[in-house]
Amino acid sequence: MAMPTPPTRLASWLAPLLVLGLIAGCASPAKKPTAPVVGTETEAEPKVAAKPKASKGDPDARFTAALKLLKDRQLKEAREAFFQLAKDFPQYGGPYTDLAIIQYQAKQPALAIANFEKAARLNPENAVAWNWLGVIARESKDYPKAEASYLKALSIKPDYAAAHLNLAVLHDVYTGRPAEALNHYREYQRLAGGDKLIVTAWIKELEAQGLPPPAPAAAAAGGTP
């Protein structure tokens with residue numbers, strides 16, 4: 001993903017480029033989704049008045065280099081690069097977000113949670129971090145927290161397709177709320193563009209249960225009050 005050119009690039013340090021498979025492990029329409037979905041959208045951070053010290057180098061150049069390491073799957077080097085960025089420029093949430101993604105995939109959930117939460121504190125409008133916090137909460141079977149995190153992400157970015165799909169999976173598979181799941185599956189299909197066959201199969205399965213059609217207002221707002 002191309003990053004914006006300076007000076008706007010510093011305002012968008014939230015691009016987690018390490019992405020889990022969209023619906024990993026789903027080999028057939030009969031199999032319900034269980035893997036979380038992680039978006040790649042870049043969220044804008046508020047501008048920070050304090051300028052970085054020259055002795056710490058150009059933050060844009062360092063961030064670009066760290067992203068390249070991440071794209072090239074040099075995870076050890078990327079983790080160190082994002083760690084140092086977070087240390088040198090603690091006012092930005094983006095390095096914490098990318099560092100947390102690497103830690104999550106390295107099966108270090110406690111570290112990942114701490115850094116996602118740090119990123120969200122630095123920028124409460126960080127929908128990407130909230131979506132990831134929902135992923136981790138769901139995997140920990142804390143379904144109320146997962147729902148709250150996904151809804152927070154959607155309150156920030158109502159067109160966040162990955163959060164809609166994660167919320168649909170949560171309600172379909174784990175909380176037993178098929179009508180809400182159906183609304184979010186439909187919204188995901190609309191936002192993702194095109195007809196995702198596996199999601200279409202899940203929609204048809206729920207529709208076969210005679211569920212009511214989605215309320216237009218609820219669907220537009222994320223489907224869940």
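Residues numbered from 1 in each chain as written. Predicted model: local features only at pLDDT ≥ 70, side-chain atom pairs only at ≥ 80, totals over all residues. Heavy atoms only, no water.

Caption draft 1: Inspection of the overall build of the protein at higher detail. Helix and strand counts for the protein stand at 10 helices and 0 strands. By residue count, 46% of the 225 residues in the protein fall in the buried class. Residue pairs in contact within the protein that sit at least 24 positions apart in sequence constitute 62% of those at least 6 positions apart. Surface exposure of the protein reaches about 10500 Å², of which carbon and sulfur atoms provide 60%. (Helix = DSSP H or I, 4+ residues; strand = E, 2+ residues; numbered from the N terminus. Buried < 20%, exposed > 50% of the residue type's maximum accessible area, 1.4 Å probe, protein only. Contact = heavy atoms within 4.5 Å. Areas by Shrake-Rupley, 256 points an atom, 1.4 Å probe, with all protein chains shown as cover.)

Caption draft 2: Focus on helix H2 (residues 75-88). Taking 1.5 Å of rise per residue, the 14 residues of H2 would be expected to cover 20 Å, and the 20 Å separating its terminal C-alpha atoms lies within 8% of that figure. Taken together, the buried positions of H2 are Ala78, Phe82, Leu85, Ala86 and Asp88. Taken together, the buried residues of H2 touch helix H1 (59-71) and helix H3 (94-105). (Expected span 1.5 Å × (residues − 1).)

Caption draft 3: Summary view of the side chain of Asn126. Locating Asn126 in the fold gives a position in the loop between helix H4 (109-122) and helix H5 (127-139). Polar side-chain contacts of Asn126 include one of 3.3 Å to the side chain of Thr97. (Polar contact = N/O pair within 3.5 Å; in protein donor to acceptor, adjacent residues only side chain to side chain.)

Caption draft 4: Spotlight on the packing of aromatic side chains. Per the stated rule, a full pass over the model turns up 5 aromatic pairs. Between the aromatic rings of Tyr185 and Trp202, the centroid separation amounts to 5.8 Å while the plane-to-plane angle is 40 degrees, which identifies the pairing as tilted. You can see Tyr185 sitting in helix H8 (residues 178-192) and its partner Trp202 sitting in helix H9 (residues 197-207), a full 17 residues away along the chain. Assigned by exposure class, Tyr185 and Trp202 land together as buried. (Phe/Tyr/Trp six-rings, centres within 6.5 Å; stacked < 30°, edge-to-face > 60°.)

Caption draft 5: Main features of the nonpolar core. The biggest cluster of nonpolar side chains holds 27 residues, and the ones touching the most others in it are Tyr104, Ala112, Phe116, Trp132, Tyr150 and Tyr160. Those elements giving two or more residues to this core turn out to be H3, H4, H5, helix H6 (143-156) and helix H7 (161-174). Looking at this core element by element, the count peaks at 8 residues for H5. (Core = buried A, V, L, I, M, F, W, Y, C linked by side-chain atoms within 4.5 Å.)

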